[in-house]
Amino acid sequence: MAVKSNLTNMVAVLGLTCLFCSGVLGGAYVLTKEPIDKAAAEKTNKAISQVLPHFSAVEYNEADHYYTATDGDALVGYAIESTVVGFGGPLSLIVGITPDGVVYNTSVLSHAETPGLGAKCTTDEKFMNQWKGFNPSIKKLSVKKDGGDVDAITASTITSRAYTQAVENALNVFNTLSHE
Amino acid sequence: MSKLKMITDGLVKNNPTFVLLLGMCPTLATTTSAINGLSMGLATLFVLVLSNMAISAIAPVVPDKVHIPVYIVVIATFVTLLQLLMQAYTPAMYETLGLFIPLIVVNCIVLGRAEAFANKHGVVESACDGLGVGLGFTCSLTVLGLVREILGSGSVFGYNFIGGNDGMLAFVMAPGAFLCLGYLMVLFNKYLKKN
């Protein structure tokens, strides 16, 4: 520490350090922007292809958070983002609904549920598979404990209820869409 | 002091987790599995080596009174760089660790090594010191993560060995982190005393 701590020195060193660092970060930002955007787009595409049958193009509606998937001219379905409050925080799902109003599949985008309990909503096959082809006009959309047809995850009724609520919200969005 | 000794000191005698007890926040929070602990350790190692090198190089021209702000700017730059790179090339890992990457800036290990070592030594020595302490941190986090994963989820590096059954959940959550850390610390220090 040979340099004296007078005003000129301090301003010069701190200023130059900040300038240099912002330069480096600006460069890094420009270089990584493309791969970051690509990774984000890939993630959404993957999520949509999990919850809908084969499609060739998607269009995002920012106001209502849903994707319209089409294959050529034909409407494949809607992938609707739906966020509710789960047991440990926000629980975000993407729900694929085909034009006939049947749930094609669901997938969790992000969650903060308890590991080993509520977090099983991303791994429990029995729970996840019951959403494939879930027809809300035949089945009652609430967990069995509340008199519905949804099998809850063992010891995670609150998470299961939240999940069910999220699917219901998505179906409500779908209903307003199909009535337009 | 030889370069090799600098590295092994960071691993054992000055082990940041079990001996110096620095950086407890990421230690407790990210070690829910061995792979998470390992990646958090490697992320810190990356920042530690680079910031140690940069700081030892600029230390002679930094006036005393502004050295902390200058160091923090340097460290924050490396952390942000790491964050951008992880987001771009390892998005899955970024999702698990995302919240804790910015926290490396305030990890006392990084600023601690800058203050205690890098500003008094050359670039090569500082790199060795960063490597040693970083490896020490990485090993401790991996071991802690491994123990918690075995007890809490019954798996090793994501490979489940008890088949479908759950482990002891508490170990994946915060109380288990404190318990495991405590016991590992006892074992580690007992071993140190013996030698």
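Scroll up for the structure.
Along each chain, residue indices are assigned from 1 in the same order as the chain's sequence is written. Just so you know, chain letters begin at A and ligand numbers begin at 1, following the order they were written in. In keeping with the predicted nature of the model, local features appear solely for residues at pLDDT of at least 70, side-chain atom pairs appear and are counted solely at 80 or more, and the whole-chain, interface and lining totals rest on all residues.

1. Comments concerning the overall build of chain B
And step 1. Each helix and strand in chain B was counted, giving eight helices and two strands.
And step 2. Helix and strand definitions here come from DSSP, where helices need a minimum of 4 consecutive H or I residues and strands a minimum of 2 consecutive E residues; each element is numbered from the N-terminal end. Scanning chain B from its N terminus toward the C terminus, one meets helices and strands in the order α-α-α-α-α-α-α-β-β-α.
And step 3. The C-alpha radius of gyration of chain B comes to 17 Å, within 12% of the 16 Å expected for a compact globule of 195 residues.
And step 4. By principal-axis analysis of the C-alpha atoms, chain B measures approximately 60 × 45 × 25 Å.
And step 5. Around each residue's C-beta, the other C-beta atoms within 10 Å are counted; 20 or more make the residue buried, 12 or fewer make it exposed, and counts in between make it partly exposed. All C-beta atoms are placed from the backbone. Counting across all 195 residues of chain B, residues that qualify as buried make up 45%.
And step 6. Distance between backbone-placed C-beta atoms decides contact: two residues are in contact if it is within 7 Å. Long-range contacts, defined here as pairs at least 24 residues apart, represent 76% of the contacts in chain B between residues at least 6 apart. This radius of gyration counts C-alpha atoms alone. The globule rule is 2.2 Å times how many residues there are, raised to the power 0.38.

2. Section: the interface of chain A and chain B
And step 1. Every contact between the two is made by 23 residues of chain A and, on the other side, 26 residues of chain B.
And step 2. When its residues are assigned to classes, the side of chain A that touches chain B shows 16 nonpolar, five polar and two charged. Asp, Glu, Lys and Arg are counted as charged, while Ala, Val, Leu, Ile, Met, Phe, Trp, Tyr, Cys and Pro are counted as nonpolar; the rest, among them Gly, fall into the polar class.

3. Some details on the environment of Met173 of chain B
All names here are of chain B.
And step 1. Mapped onto the fold, Met173 is located in the loop between β2 (159–160) and α8 (174–194).
And step 2. Judged by the 14 C-beta atoms lying within 10 Å of it, Met173 is partly exposed.
And step 3. The sequence separation of Met173 and Arg148 amounts to 25 residues, and the corresponding C-alpha distance is 9.1 Å.

4. A few points about unusual backbone geometry
Glycine aside, residues mostly have negative phi angles, and peptide bonds mostly take the trans form.
And step 1. A positive phi angle, near 65°, is found at Ala155 of chain A, a position not held by glycine.
And step 2. Mapped onto the elements, Ala155 of chain A comes out in the loop between α2 (125–129) and α3 (157–178).
And step 3. For Ala155 of chain A, a count of 13 C-beta atoms within 10 Å gives the class partly exposed.
And step 4. Even without a glycine there, the phi angle at Leu21 of chain B is positive, about 55°.
And step 5. Summarising the element assignment, Leu21 of chain B is placed in the loop between α1 (3–13) and α2 (24–30).

Don't take any of this as a statement about function, it's just geometry.
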